[in-house]
Amino acid sequence: MTPDTAAAPAQPAGTTDVSYLLQHTAHVLTTQMTAALAEIGMSPRAHCVLAHAAQTERTQAQLAELSDLDKTTMVVTVDHLERAGLAERVPSATDRRARTIRVTAAGAEVVAAGQEIVDRVHGNVLGALPEPERSAFVAALNRLVAGHLAVPADSPEGVQGARRPRQARQ
């Protein structure tokens, strides 16, 4: 059985397990992206941070927010990028108290190669759908991300399983 013909898990009549559908596809996409970026020795997280840093001067905190990373993970990621010679921490041009992440020339080459890989993986995913479905799929995801699923819900204290919003963790 191929992934295209694999049967979906049994569900009660009249229901759609949206959580499963979104989580499973996100998981599989992440594994595919991880394997593809490994071709150039990058992880999706490192590529994301490096690509955002290459766009404009950004502080580590700004990059963490854009990349949806907590502070500890961000520090580890930037440390890795620095050791690899792909980025460096430098004083901000606008705020002498802050440090920004500057992409090195080698880092810029990796960002370009990584973006080609990311585009290829995304193209393969969208290419699995007929054109009219692609447009509808992307439009629906954008509507959810900008609307109903734009902001994580607050989790009651003591409840595990859902990551608390970044603002509540600080």
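Structure first, text after, so check above.
These remarks concern the structure in this document. (Residues numbered from 1 in each chain as written. Predicted model: local features only at pLDDT ≥ 70, side-chain atom pairs only at ≥ 80, totals over all residues. Heavy atoms only, no water.)

**Side note on the overall build of the chain**
Check the secondary structure of the chain and you find 7 helices and 2 strands. The order of α-helices and β-strands along the chain, N terminus first, is α-α-α-α-β-β-α-α-α. Counting over 170 residues, the chain shows a buried share of 25%. Counting only carbon and sulfur atoms, one obtains 57% of the accessible surface of the chain, whose full area is about 11700 Å². (Helix = DSSP H or I, 4+ residues; strand = E, 2+ residues; numbered from the N terminus. Buried < 20%, exposed > 50% of the residue type's maximum accessible area, 1.4 Å probe, protein only. Areas by Shrake-Rupley, 256 points an atom, 1.4 Å probe, with all protein chains shown as cover.)

**Brief notes about the nonpolar core**
A general tendency of soluble globular proteins is for nonpolar side chains to be buried together. Among the nonpolar cores identified, the biggest contains 24 residues, and Met42, Val49, Leu50, Met74 and Leu81 are the most heavily contacted of them. Taken together, the elements giving at least two residues each to this core come down to α1 (18-37), α2 (44-55), α3 (60-67), α4 (71-83), β2 (99-103) and α5 (105-127). (Core = buried A, V, L, I, M, F, W, Y, C linked by side-chain atoms within 4.5 Å.)

**Examining the packing of α3 against α4**
In contact at an axis separation of 10 Å, α3 and α4 are set at 110 degrees when each is read in the N-to-C sense. In terms of their interaxial angle, α3 and α4 are classed as roughly perpendicular. Taken together, the residues of α4 that come into contact with α3 (itself represented by Gln60, Leu63 and Ala64) are Met74, Val75 and Val78. Broken down by class, the residue content of the contact of α3 with α4 amounts to 5 nonpolar, 1 polar and no charged. (Axes fitted to C-alpha atoms, helices over the stretch in contact; angles between N-to-C directions. Parallel < 35°, antiparallel > 145°, perpendicular 65-115°, else oblique. Contact = heavy atoms within 4.5 Å. Nonpolar A, V, L, I, M, F, W, Y, C, P; charged D, E, K, R; others polar.)

**Some points on the pattern of salt bridges**
For the structure on display, the rule yields 6 salt bridges. Among the ionic pairs, arginine 120 bridges to glutamate 39, the shortest N-O distance being 3.0 Å. Of this pair, arginine 120 sits in helix α5 while glutamate 39 sits in the loop between α1 and α2, and the two are 81 residues apart along the sequence. A salt bridge links arginine 89 to glutamate 82; the shortest N-O distance between them is 2.4 Å. Of the residues examined, glutamate 82 reaches a relative accessible area of 31% and is grouped as partly exposed. Overlapping salt bridges bring together Asp79, Glu82 and Arg89 as one network. (Salt bridge = Lys/Arg side-chain N within 4 Å of Asp/Glu carboxyl O.)

**With respect to α4**
Helix length check: α4 (13 residues) gives 18 Å between terminal C-alpha atoms against 18 Å at 1.5 Å per residue, within 8%. For α4, the secondary structure elements touched by its buried residues are α2, α3, β1 (87-91) and β2. Sitting at the head of α4, aspartate 70 places a side-chain oxygen 3.1 Å from the backbone nitrogen of threonine 72. Glycine 85, located one to two residues past α4, shows a positive phi value of around 75 degrees. (Expected span 1.5 Å × (residues − 1). Polar contact = N/O pair within 3.5 Å; in protein donor to acceptor, adjacent residues only side chain to side chain.)

**Overview of the side chain of threonine 104**
Note on placement: threonine 104 falls in the loop between β2 and α5. Residue threonine 104 is classed as buried on the basis of its relative accessible area, which comes to 19%. The residues touching threonine 104, leaving out its near neighbours within four places in the chain, are Gly85, Leu86 and Ala87.

**Notes on a nonpolar patch on the surface**
Where nonpolar side chains cluster on the molecular surface, the patch consists of Val18, Leu22, Phe137, Val138, Leu141, Leu144 and Leu149 and spans about 540 Å² of accessible area. Looking at the nonpolar patch, the elements with two or more residues in it are α1 and α6 (131-146). Broken down by element, the residue count for the nonpolar patch peaks at 4 residues, all from α6. Structurally, the position occupied by phenylalanine 137 is in helix α6. (Patch = residues over 30% accessible without salt bridge, like charges linked within 9 Å, V, L, I, M, F, W, Y side chains within 5 Å.)

**Focus on α2**
The terminal C-alpha atoms of α2, which comprises 12 residues, lie 17 Å apart, in line with the 16 Å expected from a rise of 1.5 Å per residue. For α2, the set of buried residues is Ala46, His47, Val49, Leu50, Ala51, His52 and Ala53. Buried residues belonging to α2 abut α1, α3, α4, β1, β2 and α5.

In short, shape yes, function no, at least from these values alone.
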